[in-house]
Amino acid sequence: MAALCTHLQADNAPKQTVSTKHITVESGLLSNRSPSIFKDDHGFLWIATYNGLSRYNGESFEHFQKSLDPNSNSINGTQVNAILVKTSPAWDQNHPPEYKAWVGFNDGKGLQVIQNGSVVKTLLSGKTVNLNGLYNIDDNKIAVASRNEVYLFDENFNELNKLTFKDNITAIMPLRGSGGLLLGTRSGIRFSKSQPKGLSALNHVAVKTFHRVNDKIYIGTSDGLKVYDEQSQALTPILTDDTVYSFKMTEETFLLGTQNGLLECDKNLLNFNQCKRYFANNYILSIAHDNASGISWAATRDNGVFQLAPNRLNIQNFKGKPGTHYHSITSLNGKKWIASDGDGLWENDNGRLTQVSGLPSKNILSMIPDNYGRLWLGHFKGLTVFNPGSNKITNLLPNEVVLSLKTDGQNIYVGTDSHGVFIFDLNLKQRKTINSDRGLKSQTITSLEVANSNELWIGTTDGLFNVTANREVTQFLPEHVIWSLKQVDDALYVGTQSKGIFILKNGSVYKNFTTFNSNLLSDTITDIEHLVDSGKIIFSTLNGISYLETSASDWFKNFDRKRGLFPSEFLRNSLSLSEDVLFSGGTNGWSEINNFDFSAEPVSLPLYTKTEVPSEIDYGTPVSLKVFGVNHLSQFPSNISYSLNNNPMVNLNSEDSIHFAQLPSGKHLIRIMFHSKSGVGKREFSINIVSPEKPSFYLYMTLFFFSAFGLFSFAVWYYHRNKLEKVISKYEGAQAELNHILGHDE
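Being a predicted model, the structure only gives us computed values, none of them experimental.

Thoughts on the packing of aromatic side chains
In total, this model carries 20 aromatic pairs according to the counting rule given. Ring geometry for Tyr218 and Phe247: centres 5.0 Å apart, planes at 15°, overall stacked. Placement of Tyr218 in strand E21 (residues 216–221) and of Phe247 in strand E24 (residues 244–249) is noted, with a sequence separation of 29 residues between them. With respect to burial, Tyr218 and Phe247 carry one shared label: buried. Seen from their ring centres, Tyr642 and Phe660 are 6.0 Å apart, and the 80° between their planes marks the pair as edge-to-face. Of this pair, Tyr642 sits in strand E62 (residues 639–644) while Phe660 is found in strand E64 (residues 657–660), placing the two residues 18 residues apart along the sequence. Across this residue pair, the class does not change: Tyr642 and Phe660 are buried. Cation over ring: Arg55 sits above Phe44, and NZ or CZ is 3.7 Å from the ring centre. Lying across the ring of Tyr283, Arg301 places its NZ or CZ 3.8 Å from the centre.

As structure tokens, then:
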């Protein structure tokens, strides 16, 4: 049947959006009033609120609050106004990573120090610590701003000095060279020593924040952002017309907290009109940024904390119809086409989204283009061939549910939910069928792949089947649901439901990756894509994207909603590649990734061995490692796995000990990974097994000489012994004969 399609503009068309997370009391935060935040070196985000202090690991909170119980380990006040955290690494199991959190209060409760979960010190009782009033002066000094006073403390909580000024202090920055302090107040800039040249213009401007980058100090004021060069002593206004409360610099941009949201500005385009604005109508009082993951956080005056996903400069996110799965995104004739299960087919013409009407079903399950510029669509009412140039559609297999599609350029392979595989040529003629009559034990076809040798791989709900050019059918991985397939060089990558990734080579399983022996995001693999130029192998999972840098890699890099992807769940046919853009579809929308070169990984957690691992061990000495990880809040189950010399990871099922009775001589690489929902820790150890020293040449010659001499002596002795025995034997015979003649026989 042939018909014509039309394109309709709709109010419900998917719209471009930014991937964010909103952390509020609904998600567990103590209060939506969050004046200050701090990210520590262990990956925790500390959030000061007006109902206590929260320590956040990305999944859950640990809270510190005031308690009426005098015996409880509670903090003094409710209004936490400032937070500064110092951390130290761990070395062994008896000394876990430590932290000291300096907590300033706004309700006259002074300053307290929380060390590893316990309040260990109370300072400045009766004082109020100003907003953002805690500052690192150097490795051993901390400055505390309390209204118009500055207190200096050392690491052991000893008060070193006290400075008094006329104005309330809003910011502190140490000056290089002079050893003095640069202080921001509500009525201008002040100094603990002589005023540096070039800063007189700020004597009557409200200063909100300081941020140092090398020899430059960025100064947020009520009149925008200024930069002061300590070398040239020049002050330059770079952004105006907005109050800047907070400031952070990332690798590519400036982040500015203002009274009207968060501004992100390119470092080379410092103009408010060219900055991106997020979270408008919110006072952004404090900003935190994680360089490792690229995640940024913005604390607000009364609306909690916003988490801004990284990689946003390289990603375009589109929000679609709620509950709809978007997939199989492709470029054709200069336009993008987006299929969906529930919202039909969409055309994206340079940002103008229109919906294709007239199709038999809006529940499209699969889509591929052919060499004639047409789109083949599998859905609940069969198979449709759509020509965007003429808007002509042709419907085939009206009584089938088409789950999967694949082409080798000449043929279209059609997988159905109950009748196996149909094969069509490009003239829309059905050529053959592969079903139970041909040896296919399962006829629910969930994935298809054409190998280089003209073999057809068929993924089903009951395993994987290989069909050769001679129509021989062989089953692999029985009782596995196969969601995705991809041939990469001589290996077939198989994505399963709940069983992870299998890699087949030469008809046998070469590797198997799961969440128990790797940092794979999920054991359900919904799609696989291969970037030929870079060598990356990308896996779409239920929880996001995991990818390998090359086919030889054993460590995944992960990319999920925290790192910029928009869909809430990633289902079948999620990935597609077109014109150097990776499309990642899923529930509620899709993401278009313009430069897939990210190195984002889960939160990095420390991983330790109980004893230091030597770099060199004598041959024959057993190698034993007792390993452990530091699990955030100790609330998440964790796994430890290892590999030797780049072999597949092995899960430690019982104890957390790795033991090798005897390793061969030479260098060995041991990789260890600890992972849980809260993050990942990994270590590598290179161990050289030293062979026993070989004997010297002279020793060999000496041994050879003595051995030869010994053999020669033995031969001489043996020869003379035999000769002597013969003489004795003749003598005894002659004597016996003589005795006989003389009549002496007994």
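Brief notes about the confidence of the model for the protein chain
A low pLDDT means the predicted coordinates there should not be read in detail. Per-residue confidence for the protein chain gives a mean pLDDT of 84, with 86% of residues at or over 70. By mean pLDDT, strand E1 (residues 2–4) is the weakest element of the protein chain at 50, and strand E37 (residues 375–379) is the strongest at 97. Contacts from residues 632–636, a stretch scored under 50 in pLDDT, to residues over four places away or in other chains number 21 contacts.

A short note on unusual backbone geometry
The phi dihedral of Leu397 falls on the positive side, at around 45°, and the residue is not glycine. With respect to the element layout, Leu397 can be found in the loop between strand E39 (392–396) and strand E40 (402–407). Residue class for Leu397 comes out buried when judged on its relative accessible area of 13%.

Focus on the environment of Asp242
Structurally, Asp242 can be placed in the loop between strand E23 (234–239) and E24. When the C-alpha atoms of Asp242 and Asn260 are compared, they prove to be 8.4 Å apart, with 18 residues separating the residues in sequence.

Things to note about the pairing of strand E31 (residues 315–319)
Here strand E3 (residues 15–17) pairs with E31 via 3 bridges, running antiparallel. By the bridge assignment for E31, Gln16 is matched with Phe318. Note that E31 and strand E58 (residues 589–593) share 5 bridges and pair antiparallel. Bridge pairing links Phe318 to Trp590 in E58.

Focus: a nonpolar patch on the surface
Together, Phe705, Phe706 and Phe709 make up a nonpolar patch on the protein surface, roughly 370 Å² of accessible area in all. Considering the arrangement of structural elements, one finds Phe706 in helix H1 (residues 697–742).

Points about the state of the cysteines
Tallied over the full model, the rule gives 1 disulfide. Each sulfur of the disulfide joining Cys265 and Cys275 lies 2.0 Å from the other. On the sign convention where negative is left-handed, the bridge of Cys265 and Cys275, at about 110° about the S-S bond, is right-handed. Remark: Cys275 occurs in the loop between strand E26 (261–266) and strand E27 (276–278) and Cys265 occurs in strand E26; sequence separation between them is 10 residues. There is no split in this pair, since Cys265 and Cys275 are both buried.

Some thoughts on the sheet that holds strand E17 (residues 169–174)
Across the sheet, 3 strands lie side by side as E17-E18-E19; this open sheet has antiparallel pairing. Among the strands making up the open sheet, the edge pair consists of E17 and strand E19 (188–191). For this sheet, the mean angle separating the axes of adjacent strands, direction not counted, is 25°. Bridge count for strand E18 (residues 181–185) against E19 is 4 bridges, and the pairing is antiparallel. Bridge pairing in E19 places Thr185 opposite Gly188.

Parameters and conventions
- Residues numbered from 1 in each chain as written.
- Predicted model: local features only at pLDDT ≥ 70, side-chain atom pairs only at ≥ 80, totals over all residues.
- Heavy atoms only, no water.
- Phe/Tyr/Trp six-rings, centres within 6.5 Å; stacked < 30°, edge-to-face > 60°.
- Helix = DSSP H or I, 4+ residues; strand = E, 2+ residues; numbered from the N terminus.
- Buried < 20%, exposed > 50% of the residue type's maximum accessible area, 1.4 Å probe, protein only.
- Lys NZ or Arg CZ within 6 Å of the ring centre and 35° of its normal.
- pLDDT = per-residue confidence, 0-100.
- Contact = heavy atoms within 4.5 Å.
- Pairing = 2+ DSSP bridges.
- Patch = residues over 30% accessible without salt bridge, like charges linked within 9 Å, V, L, I, M, F, W, Y side chains within 5 Å.
- Areas by Shrake-Rupley, 256 points an atom, 1.4 Å probe, with all protein chains shown as cover.
- Salt bridge = Lys/Arg side-chain N within 4 Å of Asp/Glu carboxyl O.
- Disulfide = S-S within 2.5 Å.
- Axes fitted to C-alpha atoms, helices over the stretch in contact; angles between N-to-C directions.

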